[in-house]
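Residue-level listing of the chains:
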Amino acid sequence: MSNPGENAPAGASAPDFQKLREYLIATVTQDLDTADLPPEKRKQALQERLDEALARTNLSLSDSIRDRLLRDIFDEITGYGPLQPLLDDPDITEIMVNGPKKIYIEIKGRLERTNIVFDDNLHILKIIDRIVLPLGRHIDSDSPMVDARLPDGSRVNAIVPPCAVDGASLTIRKFRKEKLSIAQLIEFDTLTRGMADFLRACVLGRLNIIISGGTGSGKTTFLNVLSGFIPEEERIVTIEDAAELQLQQDHVVRLETKLASVEGHGVVSVRELVRNSLRMRPDRIVIGECRGGEALDMLQAMNTGHDGSLTTIHANSPRDALSRLETLVLMAGMDLPIKIVRQQISSAVDVIVQMSRLRDGTRKITAITEVAGMEGDVVVLTDIFKFNQSGVDVDGKILGQLKPTGIRPLFGPRLEAAGFKLGAEIFGATAADMLVARQRR
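Residues numbered from 1 in each chain as written. Predicted model: local features only at pLDDT ≥ 70, side-chain atom pairs only at ≥ 80, totals over all residues. Heavy atoms only, no water.

Asker: Looking at this model, I keep getting lost on the overall build of the protein chain. Mind explaining?
Answerer: A count of helices and strands for the protein chain gives 14 helices and 15 strands. Within the protein chain, the proportion of its 441 residues that are buried is 47%. Relative to all contacts within the protein chain whose residues are 6 or more apart in sequence, the contacts with residues 24 or more apart total 54%. In the structure as shown, the protein chain presents an accessible area of about 21,900 Å², 50% of it carried by carbon and sulfur atoms. (Helix = DSSP H or I, 4+ residues; strand = E, 2+ residues; numbered from the N terminus. Buried < 20%, exposed > 50% of the residue type's maximum accessible area, 1.4 Å probe, protein only. Contact = heavy atoms within 4.5 Å. Areas by Shrake-Rupley, 256 points an atom, 1.4 Å probe, with all protein chains shown as cover.)

Here it is as structure tokens:
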């Protein structure tokens, strides 16, 4: 990964090469703007005008330098500038811009610094505007943060000065073009076949599920996979800050928050969308992430007939997920006693799926936990499946096993009533245990 200025042609310095690039971009951009061509003819016209403009310079460039220069100009005019090669690379999962000269990527679970750079801070701002303006969003010193998405569904967060001290910062969580299946996650050792069968029964049995995990642990990806178990005939309403869920069912209504206008009016929050969704006759409500007072509305929906709802939350363990949920409920502004909040949580949430990004870059479900009710003022949690780490091999790969704990969930009868009778082996029963159980019958 390089930028064209590092490969200036013989006899020309990098600054000269940069000037050539800027001259060509300015020339062809002006020509294209005056031509007012339809989008389908714009790329062909761009290629023709670039060839003409380059010929007028009378420069002798090698084929490799010429191709790199033209590709860079194409990316700058029709794509997302220096970021376009990173966006085109299927192995890169995240792009992080820390000012104009520091661009990092996540590739195969590991962070690496690239040698790609922007010209300056204004160059980054130009690319950010190219992303957010088509979505009706804006960013400037008065409104220095924005969430957005690329046309392919990739999630974008940008923050600019004065809040970003060292220059504009841009983070892009890339959207996978091929939707992961549960079979692929089993192949990647993210979970076991038994865990997959259990979670499928939980979704079809209309249990309320929270996917918990830290940043980059795979929560949204797994939410997409789990949502694939929802029956085709059900009406699903999804609610997100920036729409990125890609449900495959036909009857899906996608809702997205709206930021305030330049005048400060017209904001629509996740909480307002959750409230509105209750009037849309949903069979399922899927909230991309709970991060504010909408948690209270979500719990109330779960407790009043909207079973089978799914959401994600930022937390590092199932117990932390409950604490985080308590905090979010209190952010709704209702002066509720903590015991009442915990009762709401324990009666609404059935299962917490804990996702983790391990030190070797792999992503795993490290716990599937039942919310088993209340004992006094405490919400009882019971691990049904758990990842037990046993060590690290010579290559730094985490060693361990995903295993059932041997405990059956209390909601087992609910699953059976819905038509899902899970075998005892899923919960860790041995052949001897099952023989004893049969003899007792």
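Moving on from the model shown.
Asker: Help me understand unusual backbone geometry, please; the structure alone is not making it clear to me.
Answerer: Across residues other than glycine, the phi torsion is negative in most instances, and most of the peptide bonds are trans. Of note, the amide linkage connecting Pro-161 to Pro-162 takes the cis form, showing an omega dihedral of 10°. Tracing the backbone shows Pro-162 in the loop between strand 5 (155–159) and strand 6 (169–173). Here Asp-189, not a glycine, exhibits a phi torsion of approximately 65°, which is positive. Relative to the elements of secondary structure, Asp-189 occurs in the loop between helix 6 (182–187) and helix 7 (193–204). Of note in the backbone geometry, Arg-281 takes a positive phi value of approximately 50° without being a glycine.

Asker: Explanation requested: the sheet that holds strand 1 (residues 92–98) in the structure shown.
Answerer: Two pairing modes exist for strands in a sheet, parallel and antiparallel, and in both the strands are linked by backbone hydrogen bonds. Pairing in this open sheet of six strands is antiparallel, and the strands run 3-2-1-6-5-4 from one edge to the other. The open sheet has two edge strands, strand 3 (110–113) and strand 4 (145–149), and neither has a second partner. Going across the sheet, the axis of each strand differs from the next one's by a mean of 15°, ignoring polarity. For strand 4 and strand 5, the ladder comprises five bridges, and the chain directions are antiparallel. Bridging from a neighbouring strand, Asp-147 pairs with Asn-157 of strand 5. (Pairing = 2+ DSSP bridges. Axes fitted to C-alpha atoms, helices over the stretch in contact; angles between N-to-C directions.)

Asker: It is not clear to me how the sheet that holds strand 7 (residues 209–213) should be interpreted in this structure. Could you clarify?
Answerer: Strand order in the open sheet formed by nine strands is 9-8-10-11-7-12-13-14-15, with mixed pairing between adjacent strands. Single-partner strands in this sheet number two, and they are strand 9 (252–256) and strand 15 (398–404). On average, each strand axis in the sheet is inclined to that of its neighbour by 25°, with strand direction left out of account. Pairing analysis gives seven bridges linking strand 14 (residues 378–392) to strand 15, with the strands arranged antiparallel. In the strand pairing of strand 15, Gly-391 is matched with Leu-399. Of the strands in this sheet, strand 8 (236–240), strand 9 and strand 10 (284–287) are in contact with helix 9 (residues 270–277), which crosses strand 8 at around 170°.

Asker: For this particular structure, what's the right way to read the packing of aromatic side chains?
Answerer: The geometry of two aromatic rings is summed up by the distance between their centres and the angle between their planes. A complete count under the given rule lists three aromatic pairs for this structure. The interplanar angle of 85° and the centroid separation of 5.8 Å between the aromatic rings of Phe-198 and Phe-427 together place this pair among those described as edge-to-face. In this pair, Phe-198 sits in helix 7 while Phe-427 sits in the loop between helix 13 (412–417) and helix 14 (431–440), placing the two residues 229 residues apart along the sequence. The exposure class of Phe-427 is buried, given its relative accessible area of 5%. (Phe/Tyr/Trp six-rings, centres within 6.5 Å; stacked < 30°, edge-to-face > 60°.)

Asker: Even after reading the chapter, I still don't get helix 8 (residues 219–227), so can you show me in this structure?
Answerer: Turn by turn, an α-helix covers 3.6 residues, leaving residues three or four places apart pointing in a common direction. The element helix 8 is largely enclosed, with a buried count of eight among its nine residues. Buried residues of helix 8: Lys-219, Thr-220, Phe-222, Leu-223, Asn-224, Val-225, Leu-226 and Ser-227, and no others.

Asker: What is the right way to read the nonpolar core from this model?
Answerer: Core analysis: the biggest nonpolar cluster contains 43 residues, and Leu-191, Phe-198, Leu-199, Phe-222, Val-353 and Ile-365 have the highest contact counts within it. Elements represented by at least two residues in this core include exactly helix 6, helix 7, strand 7, helix 8, strand 12 (351–357), strand 13 (363–375), strand 14 and strand 15. For this core, the element with the highest residue contribution is helix 7, accounting for seven residues. In this structure Leu-199 touches Leu-191, Phe-222, Leu-226, Val-353, Ile-365 and Ile-368, once residues within four positions along its chain are discounted. (Core = buried A, V, L, I, M, F, W, Y, C linked by side-chain atoms within 4.5 Å.)

Asker: Quick question: what am I supposed to make of the side chain of His-306 here?
Answerer: Within the element layout of this structure, His-306 appears in the loop between helix 10 (294–303) and strand 11 (310–314). Leaving out residues up to four positions away in the same chain, His-306 has contacts with Asn-208, Leu-278, Pro-282, Ile-285 and Ala-301.

Asker: What am I meant to see in the packing of helix 3 (residues 63–78) against helix 5 (residues 121–132) here?
Answerer: To describe two helices that pack against each other, one gives the angle between their axes and the distance between the axes. Closest axis-to-axis distance for the helix 3/helix 5 pair is 10 Å, and the angle between their directions is 55°. Here helix 5 runs oblique to helix 3, going by the angle between their axes. Every residue of helix 5 that contacts helix 3 at Asp-75, Glu-76 and Ile-77 is listed here: His-123, Lys-126, Ile-127 and Arg-130. (Parallel < 35°, antiparallel > 145°, perpendicular 65-115°, else oblique.)

Asker: Would you mind showing me how to read helix 12 (residues 338–348) here?
Answerer: Every buried residue belonging to helix 12 is among Val-341, Ile-345, Ser-346 and Ala-348, and all of these are buried. On its buried face, helix 12 sits against helix 10, helix 11 (318–330), strand 13 and strand 14.

Asker: Before we go on, may I ask you to explain the pattern of salt bridges in this structure?
Answerer: Close approach of charged atoms allows side chains of opposite charge to pair. Inspection of every chain in the model, using the stated rule, returns 18 salt bridges. The salt bridge partner of Asp-297 is Arg-271, with a shortest N-O separation of 2.5 Å. In this pair, Asp-297 is assigned in helix 10 and Arg-271 in helix 9, connecting sequence segments 26 residues apart. Of the two residues, Asp-297 and Arg-271, both sit in the buried class. Each of Glu-106, Arg-357 and Arg-363 takes part in salt bridges that share partners, so that together they form one network. (Salt bridge = Lys/Arg side-chain N within 4 Å of Asp/Glu carboxyl O.)

Taken by themselves, the reported measurements are silent on function.
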